[in-house]
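The chain contents come next:
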Amino acid sequence: MRRVPSRTLLPRAACAAALLAVLSGCGLFSDGDDPDGGPALSEPVGVTAQAGSATSVHVMWNRPVSTTDVTGYEVYRGSVRVKELTAEQHMVDVTGLRAKSRYVFTVRARGKDGSLGPASRHVTVTTPAAVAADRSAPSRPTGLRGHVDGGRAVSLTWRKASDDKGIVSYDIYQGSTKIHSVAGTQTRALLTGLRPGTAYRFGVRARDAADNVSPAGETLRLTTAQGKDEGPGTAPDDFRATTRRADGAYYIDLAWTPPDTGGDVPAYQVFLDGRQATTVMWGGSAPSGAAKYSFYIGKDAGARHRVRIRAQLPDGTWGAFSPERAVTTRS
């Protein structure tokens, strides 16, 4: 249902051949096929972790890209397996943790033959400090508003809740099921991977460090648009592309503002002349403000190219494309 590339390809800055040979030899324009067939099961994608309280962390992910059947998942804290789940479960609350502590989580999928696939990317989270003798739940979040962003995403906003010790996280519900969590400093969430033309009912609850949960706020009903396109709110903003010459070669310099997803954008796909050229990975150092990236394009002056990008959203899906920009290498 959610498609991401099967492997990460990064350009190398030292290939000396014609443009097509450069792009192929550097790993660009590869179709991702492995001549040996590749692993039977790839890693879960879109793994995120959010501290739910001083002693719990909410871990979320999406199914692997590979078409191999998945029969379950295993969640690891460091090297220790802490949860085993069914194939239908893509999130879990890991409890019994220490306050004010750093944890690293990964997720692995299990295939129908019983074997485990590779581990997902590592996600790091730090639990907040404990609060003694806190039995007061936060107030309910109010002012829940939202809008549909294409056929597969909705954007929600709400007003801050109040708590005598402070809000650690907000839990987003679809009906009675928790589907997402964001930090207590956030009052916005972008929900992706939804079904086009489908009615949804959303709600938000606040959580404090002692795991006290607020009463439910108001319910918001939204119906996604028809069509499978991602909404424009998931696209990078203010996208610019220029060329420059250095040491007898040409480079394309890209600059943009990440989409406001309510979380980190860990990767971007770069498309050159209509084909995927590379995937830019940031991991835990993803920029929240202006982002930049440059790559080698060849040695020919007067060459024309078209370039656009799209962001990997926090849940692992790919957002809408930026506008396409045309550039020309000049002597």
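Heads up: these notes are all about the structure in this document.

Calculation rules
Residues numbered from 1 in each chain as written. Predicted model: local features only at pLDDT ≥ 70, side-chain atom pairs only at ≥ 80, totals over all residues. Heavy atoms only, no water. Pairing = 2+ DSSP bridges. Helix = DSSP H or I, 4+ residues; strand = E, 2+ residues; numbered from the N terminus. Axes fitted to C-alpha atoms, helices over the stretch in contact; angles between N-to-C directions. Buried < 20%, exposed > 50% of the residue type's maximum accessible area, 1.4 Å probe, protein only. Contact = heavy atoms within 4.5 Å. Salt bridge = Lys/Arg side-chain N within 4 Å of Asp/Glu carboxyl O. Core = buried A, V, L, I, M, F, W, Y, C linked by side-chain atoms within 4.5 Å. Polar contact = N/O pair within 3.5 Å; in protein donor to acceptor, adjacent residues only side chain to side chain.

**Details of the sheet that holds strand β9 (residues 154-157)**
Okay, step 1: Reading across from one edge, β8-β9-β12 is the order of the 3 strands in this open sheet, with antiparallel pairing throughout. Of all strands in the sheet, those bounded by a partner on one side alone are β8 (145-148) and β12 (188-191). Recorded for the sheet is a direction-independent mean angle of 15° between the axes of neighbouring strands.
Okay, step 2: Both β8 and β9 contribute to a ladder of 4 bridges, which runs antiparallel.

**Remarks on the environment of R330**
Okay, step 1: One can find R330 in the segment after β22 (325-328).
Okay, step 2: Note on R330: relative accessible area 62%, which makes it exposed.
Okay, step 3: Here the alpha-carbon distance between R330 and R244, two residues 86 residues apart in the chain, equals 7.9 Å.
Okay, step 4: Ignoring anything within four residues of it in the chain, the contact list for R330 reads R245, Y250 and G302.

**A look at unusual backbone geometry**
Okay, step 1: The backbone of D211 shows a phi angle near 70°, a positive value even though the residue is not glycine.
Okay, step 2: Along the polypeptide, D211 turns up in the loop between β13 (199-208) and β14 (220-223).
Okay, step 3: Backbone geometry at D273 places phi at a positive 55°, although glycine is not the residue there.

**As for the environment of R308**
Okay, step 1: Its location among the elements puts R308 in strand β20 (residues 304-312).
Okay, step 2: Overall, R308 belongs to the partly exposed group, its relative accessible area being 26%.
Okay, step 3: Those residues in contact with R308, other than ones at most four positions away along the chain, are F239, Q269, V270, F271, F321, S322, P323 and E324.

**Some points on the pattern of salt bridges**
Okay, step 1: All told, the structure shown has 11 salt bridges when counted by the stated rule.
Okay, step 2: Ionic contacts of the salt-bridge type, sharing partners, join the residues D93, D171, K178, R207 and D211 into one network.

**Let's talk about the sheet that holds strand β16 (residues 249-257)**
Okay, step 1: Strand order in the open sheet made by the 3 strands is β15-β16-β19, with antiparallel pairing throughout. Edge strands, defined here as strands with exactly one partner in the open sheet, are β15 (237-246) and β19 (291-298). Between one strand axis and the next, the sheet turns through 20° on average, direction left out of account.
Okay, step 2: The sheet contact formed by β16 and β19 spans 7 bridges and is antiparallel. Directly across from I252, in β19, lies its bridge partner F295.

**Notes on the nonpolar core**
Nonpolar side chains tend to gather and get buried jointly when the protein is soluble and globular.
Okay, step 1: Residues V59, W61 and F105 are the most contacted members of the largest nonpolar core, which totals 21 residues.
Okay, step 2: Contributions of two or more residues to this core are made by β1 (45-53), β2 (56-62), β3 (70-77), β5 (91-94), β6 (102-111) and β7 (123-126).
Okay, step 3: Ranked by residues supplied to this core, first place goes to β6 with 4 residues.
Okay, step 4: F105 has contacts with A49, V57, V59, V75, Y76, R77, V94, L97, R121, H122, V123 and V125, leaving out every residue within four places of it along the chain.

**Quick notes on the side chain of T279**
Okay, step 1: Secondary-structure assignment places T279 in strand β18 (residues 275-281).
Okay, step 2: What makes T279 buried here is its relative accessible area of 2%.
Okay, step 3: At 3.1 Å, the side chain of T279 and the side chain of Q276 are in polar contact.

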